[in-house]
Amino acid sequence: MRELDAPIAVLTHCNAGALATAGDGTALAVLRRGWEAGLVAEVFAGETRPLLQGARLTAYELMADRIPVTLITDNMAAWLMGQGQIGAVITGADRIAANGDAANKIGTYGLAVLARHHKIPFYIAAPFPPSISTPAAAIPCASKSVTAMRCAKSAASISRRGMFRCGTPLSM
């Protein structure tokens, strides 16, 4: 972890707070402690499609704690990083695989790639050891645990495919 000379803006994805986990949560607990310590200036919360957990849960929790939060569309992350407005990315994880990969909501891997490209620290906050709710010791890598895929036909007979989780390699 690098030392900070001023508070930074942090981007988070999905919901990893008290409404989704135990206590203060995982990623949101880190953000709360960072805010209390004067290390976090504000939080950018991605809307987290397709179910909008960032918009419906994360933004709500941060607002309730009076932590400055800006809700962004998921596609804005790259632009904000390119403008130098993001100092770190912190997400939670649905599962941690045996090799350390993280499975989380779709978009997490993309944020890891963007953060690496822009040389922005990317962190996964998860319980250690993984809790019973995230049994993944038998899963060799996160891509093997990505099982929540939905396919459907819309009323207009247009085929849609929605991935709800993605794997993020430990190397990211």
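Source: prediction; values computed, not measured.

1. A few points about the overall build of the protein
Point 1. Looking only at helices and strands, one finds 4 helices and 10 strands in the protein.
Point 2. In the protein, the order of α-helices and β-strands from amino to carboxyl end is β-α-β-α-β-α-β-β-β-α-β-β-β-β.
Point 3. Residues classed as buried in the protein amount to 41% of the 172 residues present.
Point 4. Put simply, 72% of the contacts in the protein that link residues at least 6 apart link residues at least 24 apart.
Point 5. Accessible surface for the protein amounts to roughly 9,500 Å². Of this, 58% is attributable to carbon and sulfur atoms.

2. Some words on the pattern of salt bridges
Point 1. Applying the stated criterion to the full structure yields 6 salt bridges.
Point 2. Between Lys 105 and Asp 94 there is a salt bridge, with its nearest N and O atoms 2.6 Å apart. Of this pair, Lys 105 sits in strand 6 (residues 102-105) while Asp 94 sits in the loop between strand 4 (88-91) and strand 5 (95-96), and the two are 11 residues apart along the sequence.
Point 3. A relative accessible area of 15% places Lys 105 in the buried class.
Point 4. Look at Asp 94 and you get buried, because its relative accessible area is 18%.
Point 5. Through salt bridges that share partners, Asp 24, Arg 33 and Glu 36 make up one connected network.

3. What about the nonpolar core?
Point 1. Counting 14 residues, the largest nonpolar core has Leu 11, Phe 44, Met 81, Ile 86 and Val 89 as its most contacted members.
Point 2. Looking at this core, the elements that each hand over two or more residues are strand 1 (8-12), helix 3 (77-82) and helix 4 (108-117).
Point 3. Leave out the neighbours within four places in its chain, and Val 89 touches Leu 11, Met 81, Ala 115, Ile 120, Pro 121, Phe 122 and Tyr 123.
Point 4. Core analysis: the second largest hydrophobic core is formed by 13 residues, Ala 27, Leu 28, Ala 88 and Ala 125 among them.

4. Considering the side chain of Thr 108
Point 1. With respect to the helices, strands and loops of the structure, Thr 108 is situated in helix 4.
Point 2. Note on Thr 108: relative accessible area 0%, which makes it buried.
Point 3. A polar side-chain atom of Thr 108 sits 2.9 Å from a polar atom in the side chain of Asn 104.

5. Observations concerning helix 2 (residues 53-64)
Point 1. Under the 1.5 Å per step criterion, the end-to-end length of helix 2 is 16 Å for 12 residues, consistent within 8% with the ideal 16 Å.
Point 2. Among the residues of helix 2, those classed as buried are Gln 53, Gly 54, Thr 58, Ala 59, Glu 61 and Leu 62. Buried residues of helix 2, seen end-on, are gathered within an arc of 160 degrees and therefore sit on one face of the element. Along helix 2, exposed side chains directed more than 90 degrees from the buried face belong to Arg 56, Tyr 60 and Met 63.
Point 3. Close packing links the buried residues of helix 2 with strand 1, helix 1 (27-36), strand 2 (40-46), strand 3 (69-72) and strand 6.

6. Some details on the pairing of strand 6
Point 1. Here strand 5 pairs with strand 6 via 2 bridges, running antiparallel. Residue pairing for strand 6: Ile 96 is matched across the bridge by Ala 102.
Point 2. Following strand 5, the chain reverses through 5 residues before pairing antiparallel with strand 6; Gly 100 in that reversal takes a positive phi of roughly 95 degrees.

Here is what the cut-offs are and how they apply
- Residues numbered from 1 in each chain as written.
- Predicted model: local features only at pLDDT ≥ 70, side-chain atom pairs only at ≥ 80, totals over all residues.
- Heavy atoms only, no water.
- Helix = DSSP H or I, 4+ residues; strand = E, 2+ residues; numbered from the N terminus.
- Buried < 20%, exposed > 50% of the residue type's maximum accessible area, 1.4 Å probe, protein only.
- Contact = heavy atoms within 4.5 Å.
- Areas by Shrake-Rupley, 256 points an atom, 1.4 Å probe, with all protein chains shown as cover.
- Salt bridge = Lys/Arg side-chain N within 4 Å of Asp/Glu carboxyl O.
- Core = buried A, V, L, I, M, F, W, Y, C linked by side-chain atoms within 4.5 Å.
- Polar contact = N/O pair within 3.5 Å; in protein donor to acceptor, adjacent residues only side chain to side chain.
- Expected span 1.5 Å × (residues − 1).
- Arc of directions from axis to C-beta.
- Pairing = 2+ DSSP bridges.

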